[in-house]
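So you can see what is in the structure, the chains are spelled out below.
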Amino acid sequence: MPLHCPECAFVNGDASNYCQKCGAFLGDLHGTREPTTATYRIDEATGELVPVELEDVVAADGAALVVRSGAGHVGESFPIDRERITIGRRPDSEVFLDDVTVSRDHAMIVRRTDGIHLDDLGSLNGTYVNRMRIDSQRLQDGDEVQIGKYKLTFLER
């Protein structure tokens, strides 16, 4: 039985957990499914996708961003393992999102004394957390981050 996305009404296959068009979670439509996330990293030597366990990405007291939708990067993960992490279309950004909807220097993740924050860097299209445009926002486990057409999930232990 096909699933209609509650966000955009796109018709998805019955085995879908997330909408193929907008990335919204569909598991609640059945009431029995838990959200699942498959993630991978890109091997620097070969450029191939290497599956990884989320536990390996999100260290004991660490955090990560996992791409839920956007330009063929679904499942790509970015561990938050530094004090500052740049996000943008600039090729040397730690979180490189290659699309014109993303500014070159779009946002930055900053580790502060009260937690991990996402700061917009004056981007043209804005930065969103849980569908609200932000200038600066403390992130919490499970938050949905939208940058350009990319939707990412923030995971934290």
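So, a few notes on the structure that sits alongside this text. (Residues numbered from 1 in each chain as written. Predicted model: local features only at pLDDT ≥ 70, side-chain atom pairs only at ≥ 80, totals over all residues. Heavy atoms only, no water.)

**Examining the side chain of T153**
As a reminder of what qualifies: The helix and strand labels rest on DSSP assignments: H or I over at least four residues marks a helix, E over at least two residues marks a strand, and numbering proceeds from the N terminus. Each residue's exposure class comes from its accessible area (1.4 Å probe, protein chains only) as a fraction of the maximum for that residue type: buried when under 20%, exposed when over 50%, partly exposed otherwise. Residues count as neighbours in contact if any of their non-hydrogen atoms are within 4.5 Å of one another.
Within the secondary structure layout, T153 lies in strand β15 (residues 150-156). The buried category is assigned to T153, whose relative accessible area is 13%. Those residues within four positions of T153 in sequence are excluded, and the remaining contacts are A64, L65, V66, R68, G142 and D143.

**Quick word on the environment of I85**
Relative to the elements of secondary structure, I85 occurs in strand β7 (residues 84-88). Here I85 falls in the buried class, since its relative accessible area comes to 3%. A C-alpha to C-alpha distance of 6.7 Å links I85 and V110, two positions 25 residues apart in sequence. Once residues lying within four places of it in the same chain are set aside, the contact partners of I85 are P79, I80, E94, V95, A107, M108 and I109.

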